[in-house]
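# Geometric and topological summary
Chain by chain, the residues:
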Amino acid sequence: MKHNKLYSMVAVIMLFSMILAACATPPTATTVVTEAPTTQEPVATEPPEPVVTEPPEPVVTEPPEPVTFIFGRGGDSVQLDPAIVTDGESFRVTGQVLEPLYQYEHGTTVPVPALATECTPNEAAMEWICKLREGVKFHDGTDFNADAVVFNFERWRFTDNPYHFENQVFEYYEAQFGGFDDASIITSVEKLDEYTVKFTLSAPQAPFLANLAMDMFAISSPAAIEAAGSDYGLPSAGCVGTGPFKFVEWVEGDQITVVANDDYWGGRPKIDKIIWRVIPDDSARFLALQAGDIHALEQAGVEDLTTAESDTNLTIMTRPALNTAYLAFNFKLVEFQDVRVREAVAHAINRAGLVENFYGKYGQVATNFLPPLIWGHNDAIEDWAYDPDLSKQLLADAGFPNGLSEVTVAEDIADADGNVVFKAGDKIPLRLYYMPVTRFYYPSPKEIGEAMAADLANAGINVELYLEGDWATYLGARREGRLVGLYMLGWGGDNGDPDNFICYFYCTGTEPIAREGWYQNAALVDILLEAQVTPGQDVREPLYKQAEQILHDDVARLWVAHNQTPLILSSKVSGYIPQPVGADYYEFVEIAP
């Protein structure tokens, strides 16, 4: 009962609580009255200041320095129109700017296509059809085509051509193609279509393709020649071709600059610029190479060559010995018209000593005009022995028992303007003219001249060493027959054919040739012309050997030396291709940092 009472009380309390909750007042709802917004004038506010963000500084990338190849040389070019020069220093430059129809395969004398893609002869080898390379432009933007080829060949051949200037000498064309006008073995050059030409010859010419590949028959822009006139090739005008490099500047006596041809049909050169820098002194030139001021040079003194051979920073390359240094006689001197006097000179000079002291292991004594590497060289010729006593005896036999120091002019000798500079009957000191520049065949010309003079004096022949001006002046005096005495000169083959050696010098007519010291031999000319038009080395070779024997028996000249010409380069240089003939190839040169 007690528990029931307790449960009853709990129930009453719970019921009472529920009644109270039901009677409680509910919460009052709040009514929010929203008034319509009052229309107000807009408040003008300044726009926020724009945030100015400075752009990042651009990253300035300096263009790479142009890669420049600097070649040091002993003398300047004579002219940059290859058709009117004969010196290698000119061709060294023009060979990079201008191109012939053919060129020489790398490292050989084999003609291969260049601006012509092929030249094909007919059965008689008197007509040649040449297909030209299409799409090639000269550096001035004009087109290379058949018209350009005809323009150049007609300019070289015809003496009345308006661009065959009277004050210029086209010596190579005359020598390699038999003369000018109707005397030329090339009788016509015809345009068959835009990119085809036909050469017609008066007779077959065995070395025709080899001749076409020579540097002096490179094709110049007709527009450039027309614009510059007789100044074409001079420093003010330069030269304009199709080659891998373009002419920029010529500072006479200092340097010549060319730059890469970006549009070269054979592919852009690896280097950007070439500078040929003139450093006349041999020792200074070598020191410049050691110091890194130049990258390469040709020829050096024996002591410098020895130094270079042991210097790991330098590399020596050699060019095959397709060259001959010689000592020439002027035959308009009475005394030199006597073969005994010429033979006395030949026996007086110690050529083996000259080779040892000035050429070192790279040289060899010459016995022929043709070097041993060219077929036609006559091994059977008995060389002139060094014998001063025999020289004295020969002089005595010729009427000079007391030696020779004075000579007599046999005929008037005039300059290009007709002014007599040496009069017949004049007695003059015997001169020995030495070259003003180092060349690949005469590495130290003044010093070699001094050594020759000492040898001659020991045999009773007293000479006055004489310098005939600069290189251009020297070559001009030689061309006009005005080196009146003994004179030093040499020759490097242009195409690897013996015709380019002997016939170049002695095939011009039957009269004495001024540029060859007034020497001539009609029998020699006949042999050489026969060899030129006769196909087949087996038939031609005996003719050249016969020609060499004639030159020896005449003592026409004293052949001094052949030189395996050394080229010394910085070890940073690669890709340089020395050619046995013609200009070297520079477009593959690279220079390491």
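Everything here concerns the structure above.
Everything quoted here is computed from the prediction, not taken from an experiment.

### A closer look at the state of the cysteines
Taken as a whole and assessed by the stated rule, the structure comprises two disulfides. At a sulfur-sulfur separation of 2.1 Å, the disulfide partner of cysteine 119 is cysteine 130. In this structure, the disulfide formed by cysteine 119 and cysteine 130 twists by about 115° around the S-S bond and is classed as right-handed. You can see cysteine 119 sitting in strand E4 (residues 116-121) and its partner cysteine 130 sitting in strand E5 (residues 127-132), a full 11 residues away along the chain. The burial state of cysteine 119 is the same as that of cysteine 130; both residues are buried. Between the sulfur atoms of cysteine 503 and its disulfide partner cysteine 507 the distance amounts to 2.0 Å. Torsion about the S-S bond of the cysteine 503 and cysteine 507 cystine: about -115°, corresponding to left-handed handedness. Across the chain, the disulfide pattern expressed with sequentially numbered bonded cysteines is 1-2, 3-4.

### Here we look at the pairing of strand E7 (residues 196-201)
With respect to burial, E7 is a largely interior element, six of its six residues being buried. The pairing of E5 with E7 spans five bridges and is antiparallel. Across the sheet, residue glutamate 127 finds its bridge partner in E7, namely threonine 200. Relative to E7, strand E6 (residues 186-193) is paired through six bridges, and the arrangement is antiparallel. Note on E7: the bridge partner recorded for glutamate 190 is lysine 198. Linking E6 to E7, which pair antiparallel, is a turn of two residues.

### Focus: the nonpolar core
One broad rule of soluble globular proteins: the nonpolar side chains tend to lie buried together. In terms of nonpolar packing, the biggest core is built from 159 residues, with Leu101, Phe153 and Phe199 touching the most fellow members. The biggest single contributor to this core is helix H3 (residues 146-157), with seven residues. Once residues lying within four places of it in the same chain are set aside, the contact partners of phenylalanine 199 are Leu101, Met126, Glu127, Trp128, Cys130, Val149, Phe153, Ile186, Ser188, Val189 and Phe208. Listed in part, the 14 residues of the second largest apolar core include Ile279, Ala288, Leu305 and Ile568.

### Some details on the pattern of salt bridges
For the structure on display, the rule yields 28 salt bridges. Put simply, aspartate 76 and arginine 73 hold a salt bridge, and the shortest N to O gap is 3.3 Å. For aspartate 76, a relative accessible area of 15% gives the class buried. Using a relative accessible area of 2% as the deciding quantity, one classes arginine 73 as buried. Notably, a salt bridge pairs arginine 482 with glutamate 468, separated by 3.9 Å at the nearest N-O pair. In this pair, arginine 482 sits in the loop between helix H13 (471-479) and strand E21 (486-492) while glutamate 468 sits in the loop between strand E20 (464-466) and H13, placing the two residues 14 residues apart along the sequence.

Calculation rules
- Residues numbered from 1 in each chain as written.
- Predicted model: local features only at pLDDT ≥ 70, side-chain atom pairs only at ≥ 80, totals over all residues.
- Heavy atoms only, no water.
- Disulfide = S-S within 2.5 Å.
- Helix = DSSP H or I, 4+ residues; strand = E, 2+ residues; numbered from the N terminus.
- Buried < 20%, exposed > 50% of the residue type's maximum accessible area, 1.4 Å probe, protein only.
- Pairing = 2+ DSSP bridges.
- Core = buried A, V, L, I, M, F, W, Y, C linked by side-chain atoms within 4.5 Å.
- Contact = heavy atoms within 4.5 Å.
- Salt bridge = Lys/Arg side-chain N within 4 Å of Asp/Glu carboxyl O.

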